[in-house]
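Given next are the chains, with one letter for each unit.
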Amino acid sequence: MKTIKRTALLDQLESEVESHLQSAISVFQNVSDTLLQQQSAQNGWSIAQCLWHINSYGHYYLPAIAHAMKPDAASRDTFTSSWLGAYFTRLMKPGEGMKKMKAFKDHTPPLQPDGRAEVAEFIRQQEVLLGLLRQARQVDLTRTKVAISLSRWIKLRLGDVFQFYVAHQGRHVAQAMRNV
Amino acid sequence: MSEMSSSLLLLRNLTTTFHPLSEMEWQAFSKIWQPFRAKRKEVLTLAGETERYLYFVLEGVQRVFFEHQTREATLVFTYSPSFGGVFDSLMQQKPSRFFYETLSPSFFLRAPATDFLQLLEGNPGIEKMVRKGLTYTLAGMMERMVEWECFSSEERFRKLLQRSPHILQLVPHKYLANYIGIDPTNFSKLMNSVRI
């Protein structure tokens, strides 16, 4: 796997999170309750459901990441993906030939979650995530490991966890934006 | 025109609305500023430390807030074209009781407190401009106190949107709700019921 600069990776992740936040602040928090609940044309998820789904992962990952991070100014300033980590990120990335996936049971949203509450929680989580990405500038992204939400037996490198977690959000923010 | 000179032009326009500076005063005043960029949710001034800069906001929204145990009180929003920072700590050079943080990616000019305070000493024109600017700020704060004491939450909501209609799309609503002293849930309800 290719080795990249830690600052380059974190800059890119920060700007992705910033753009997800922009969607929430300029659009989602200002639309009507009806639009928040409206299913997509193909009977897909509403904006409220997309955000509920994203938030359900934040409840696990944000504390798990915060707990795993040990800031150390002398830590290595590069990052290398593991093949499994890179595979997860590729799976999440929207784009050509993107596969429709079925959500895991604990992450399948109810029919009509409280839209306003989900928008507010989404914004709160993204602000926390920005703080973690900032702290991560002093953390070894390769040696620090975080267990994935599916199984505590599978641990991935922090740099990979950040990447597939943010890519997963990007996928569903884009999905939510298609309902606007 | 370079970014710096167009930024300085905005600064000059603002100072002129307070009190026009002579060419010499402006030369001295304009020399102390440097461009400064910050990302979202960066704390620029911590409670307990003395304000080191006067800011002039070019882009983004920021707030001054007070932290009491787990509760926060948002006292002031700043956005272009206005001055920013914790003014009382700046002017008195005493530790700030407040935080100053960005609520969106921000771009400023900023001047070191020492340079700014020194200029005030020897230049009556600059001092007059600052006095008028601060008087304007004081009047705004008094008006806000009246709204706080006398207005219903719906009136405070309407007033906020009248004064800064663009702010709904710029900052998370929880900060706006906090500023007008209502629960975020009630803020959403007002969003739905009040037609502007």
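Coordinates for the structure precede this section.
Read on for a plain summary of the structure. Note that this is a predicted model, so its numbers are computed, not measured.

## As for the overall build of chain B
Along chain B, the regular secondary structure elements total 8 helices and 8 strands. Along the longest, intermediate and shortest principal axes, the C-alpha atoms of chain B span 55 × 35 × 30 Å. The buried share among the 196 residues of chain B stands at 44%. By sequence separation, contacts in chain B at least 24 residues apart represent 71% of the contacts at least 6 residues apart. Taken as a whole, chain B presents about 10,500 Å² of accessible surface, with 57% of it coming from carbon and sulfur. Of the charged side chains in chain B, 23 are positive and 20 negative; the average position of the first set lies 4 Å away from that of the second.

## Examining the packing of aromatic side chains
Residue and element names in this part refer to chain B. Counted under the stated rule, the structure contains 20 aromatic pairs over all chains. Among the aromatic side chains, those forming a connected cluster through ring pairs are Phe 18, Trp 26, Phe 29, Trp 33, Phe 56, Phe 83 and Tyr 136. Positioned above the aromatic ring of Phe 65 is the side chain of Arg 63, whose terminal nitrogen or guanidinium carbon lies 3.8 Å from the ring centre. One Lys or Arg, Arg 110, reaches over the ring of Phe 36 and ends 3.8 Å from the middle of that ring.

## Side note on the pairing of strand 5 (residues 71–79) of chain B
Residue and element names in this part refer to chain B. Where strand 4 (residues 61–68) lies against strand 5, 8 bridges are found, and the strand directions are antiparallel. Paired with Glu 67 across the strands is Glu 72, a residue of strand 5. Where strand 4 hands over to strand 5, the hairpin turn is made up of 2 residues, of which Gln 69 adopts a positive phi near 50 degrees.

## Examining unusual backbone geometry
All names here are of chain B. Cis geometry marks the peptide bond from Ser 80 to Pro 81, where omega comes out at -10 degrees. For Gln 69, which is not glycine, the phi torsion reads 50 degrees and is therefore positive. Along the chain, Gln 69 falls in the loop between strand 4 and strand 5. By relative accessible area, which is 71% here, Gln 69 ends up exposed. Despite not being glycine, Gln 93 shows a phi value in the positive range, around 50 degrees. Following the sequence through the fold, Gln 93 ends up in the loop between helix 3 (87–92) and strand 7 (99–102).

Rules used in this analysis
Residues numbered from 1 in each chain as written. Chains lettered and ligands numbered in written order. Predicted model: local features only at pLDDT ≥ 70, side-chain atom pairs only at ≥ 80, totals over all residues. Heavy atoms only, no water. Helix = DSSP H or I, 4+ residues; strand = E, 2+ residues; numbered from the N terminus. Buried < 20%, exposed > 50% of the residue type's maximum accessible area, 1.4 Å probe, protein only. Contact = heavy atoms within 4.5 Å. Areas by Shrake-Rupley, 256 points an atom, 1.4 Å probe, with all protein chains shown as cover. Lys, Arg positive; Asp, Glu negative; His and termini not counted. Charge placed at Lys NZ, Arg CZ, Asp CG, Glu CD. Phe/Tyr/Trp six-rings, centres within 6.5 Å; stacked < 30°, edge-to-face > 60°. Lys NZ or Arg CZ within 6 Å of the ring centre and 35° of its normal. Pairing = 2+ DSSP bridges.

Note that every value here comes from positions in space, so none of it alone points to a role or purpose.
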